[in-house]
Amino acid sequence: RRVLFDLSSGINAEYGQQQKGAQASNTPPTDVSRLNMRVGFIRSAKLHPDADGLYLEEIDCGEPEPRQVISGLVKHIPIEEMQQRPCVLLLNLKPAKMRGIMSHAMVMCASTPEKVEILAPPAGSKPGDVVTVEGFTGTPDAQLNPKKKVFEAIQPDFLVSPEGHALYKGVPWKINGDFVTAQTMRGCGIK
């Protein structure tokens, strides 16, 4: 009996290892390819009705309807500079309610504690154009699972180069072959 028990638990253990290996191989890598980042065009921005530090924006992402986005940029960017301008958006975050209003994307910005600038797509970009990073060619998640903290794991590797280019692990973000840039900020993070 003891031999049979050991044998069957060994088989089960081996089978369990095979199952874990199969699951691991189906798990996409935690890298920038999981993020759906695209060009957006901020059609309009106004102050959030229930929060002094937030803007409520209507952003064209190249989809049939514009997205409503809430951004905490009031202290950093004057409202006049939030109107009729291109930007880079992260589209596959789970929509989140911010002070009672749903936000359906995040505006990507060069950022330090003192200063924030909206990242600029290259001239000629259109809403919906995709941000690519050479060497990272996976498929973006339909929606990032907030419990898995995928964005939080990837974001520390975002940086603005000395030339003003947005980078992931030292590789430039590009749209249609041209660089995504910060206006004036250098050597800082991206959020």
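This text goes with the structure placed above it.
Quick caveat: nothing in here was measured; it's all calculated off a predicted structure. Counting from 1, residues in each chain are numbered in the order their sequence is written. In keeping with the predicted nature of the model, local features appear solely for residues at pLDDT of at least 70, side-chain atom pairs appear and are counted solely at 80 or more, and the whole-chain, interface and lining totals rest on all residues. Each side-chain value is derived from all of the structure's non-hydrogen atoms; neither hydrogens nor water enter the calculation.

## Overview of the side chain of arginine 34
Then comes step 1: Numbering of helices and strands starts at the N terminus; helices are DSSP runs of H or I of at least 4 residues and strands are runs of E of at least 2. Position of arginine 34 among the secondary structure elements: in the loop between helix H1 (2–26) and strand S1 (37–47).
Then comes step 2: Here a polar contact is taken to be a pair of N or O atoms separated by no more than 3.5 Å, where protein atoms must pair a possible hydrogen donor with a possible acceptor and residues adjacent in sequence count only if both atoms sit in side chains. Within polar-contact distance, the side chain of arginine 34 engages the backbone oxygen of proline 28 at 3.4 Å.
Then comes step 3: For arginine 34, the side chain forms a polar contact with the main-chain oxygen of proline 29, separated by 3.4 Å.
Then comes step 4: Contacts of arginine 34, omitting those with residues within four sequence positions, involve Pro28, Pro29, Asn92, Thr139, Pro140, Asp141, Leu144, Val150 and Ile154. By definition in these notes, contact holds between two residues if any of their heavy atoms fall within 4.5 Å.

## A closer look at the nonpolar core
Then comes step 1: Counting 26 residues, the largest nonpolar core has Leu35, Met37, Val88, Met108, Leu119, Phe158 and Trp173 as its most contacted members.
Then comes step 2: At the level of elements, S1, strand S4 (85–90), strand S10 (131–133), helix H2 (150–154), strand S11 (158–160), strand S12 (166–168) and strand S13 (171–175) are the ones that each hand at least two residues to this core.
Then comes step 3: Among the elements that line this core, the one with the most residues is H2, at 3 residues.
Then comes step 4: If near-sequence neighbours (up to four positions away) are discounted, leucine 119 is found in contact with Pro86, Cys87, Val88, Met108, Cys109, Ala110, Ala166, Trp173, Val180, Thr181, Ala182 and Ile190.
Then comes step 5: Membership of the second largest hydrophobic core comes to 17 residues, among which are Ile59, Val69, Ala105 and Ile118. We define a nonpolar core as any set of buried Ala, Val, Leu, Ile, Met, Phe, Trp, Tyr and Cys residues linked to one another through side-chain atoms lying within 4.5 Å. With a 1.4 Å probe rolled over the protein chains alone, any residue whose accessible area is under 20% of its type maximum counts as buried; one over 50% counts as exposed, and the rest are partly exposed.

## Side note on the pairing of strand S2 (residues 55–60)
Then comes step 1: For S2, the buried fraction is high: 5 of the 6 residues fall into the buried class.
Then comes step 2: Whether two strands pair comes down to DSSP finding at least two bridges between them. Here 6 bridges tie S1 to S2, and the two strands are oriented antiparallel to one another. The residue of S2 that forms the bridge with isoleucine 42 is isoleucine 59.
Then comes step 3: Sheet topology note: the S2/strand S3 (residues 67–71) ladder contains 5 bridges and is antiparallel. Its bridge partner being in S3, isoleucine 59 is matched across the sheet by arginine 67.

## Here we look at the environment of leucine 90
Then comes step 1: Note that leucine 90 resides in strand S4.
Then comes step 2: For the pair leucine 90 and histidine 104, spaced 14 residues apart in sequence, the C-alpha to C-alpha distance is 9.2 Å.
Then comes step 3: Apart from residues lying up to four places away in sequence, leucine 90 is in contact with Leu35, Asn36, Met37, Ala105, Met106, Met108 and Phe151.

## Comments concerning unusual backbone geometry
Then comes step 1: Non-glycine residue glutamine 84 carries a positive phi angle of around 50°.
Then comes step 2: The topology assignment puts glutamine 84 in the loop between S3 and S4.
Then comes step 3: At lysine 169, a position not held by glycine, the phi torsion is positive, near 50°.
Then comes step 4: In this fold, lysine 169 is placed in the loop between S12 and S13.

## A short note on the sheet that holds strand S15 (residues 189–190)
Then comes step 1: Strands sit in the order S9-S8-S15 across an open sheet of 3 strands; the sheet is antiparallel. With one partner strand each, in any of the chains shown, strand S9 (116–118) and S15 form the two edges of the open sheet.
Then comes step 2: With 3 bridges joining them, strand S8 (residues 109–111) and S9 adopt antiparallel strand pairing. Note that in S9 the partner of serine 111 across the bridge is valine 116.

## Looking at the sheet that holds S1
Then comes step 1: Spatial strand order, S3-S2-S1-S4-S7: 5 strands in an open sheet with antiparallel pairing. Whereas interior strands pair on both sides, the edge strands pair on one side only; in this sheet they are S3 and strand S7 (106–107).

## Quick notes on the pattern of salt bridges
Then comes step 1: Definition used for salt bridges: Asp or Glu carboxyl oxygen within 4 Å of a side-chain nitrogen of Lys or Arg. In total, this model carries 6 salt bridges according to the counting rule given.
Then comes step 2: Note that aspartate 141 and arginine 34 form a salt bridge whose closest N and O atoms lie 2.6 Å from each other. Placement of aspartate 141 in the loop between S10 and H2 and of arginine 34 in the loop between H1 and S1 is noted, with a sequence separation of 107 residues between them.
Then comes step 3: What makes arginine 34 buried here is its relative accessible area of 8%.
Then comes step 4: Within this structure, Arg43, Glu58 and Asp60 form a network of salt bridges that share partners.

## A short note on the packing of aromatic side chains
Then comes step 1: Here the aromatic set is Phe, Tyr and Trp, taking the six-membered ring for Trp, and pairing holds for ring centres within 6.5 Å; pairs whose planes are under 30 degrees apart are stacked, those over 60 apart are edge-to-face, and all others are tilted. Tallying each qualifying case throughout the model produces 4 aromatic pairs.
Then comes step 2: Taking 4.9 Å as the distance between ring centres and 75° as the angle between the ring planes, the aromatic pair formed by phenylalanine 158 and tryptophan 173 counts as edge-to-face. With phenylalanine 158 in strand S11 and tryptophan 173 in strand S13, this pair connects stretches of sequence that are 15 residues apart.
Then comes step 3: Under the relative-accessibility criterion, phenylalanine 158 is labelled buried at 2%.
Then comes step 4: Overall, the relative accessible area of 0% leaves tryptophan 173 in the buried class.
Then comes step 5: Three or more aromatic residues joined by ring pairs form one cluster here, namely Phe136, Phe151, Phe158, Tyr168 and Trp173.

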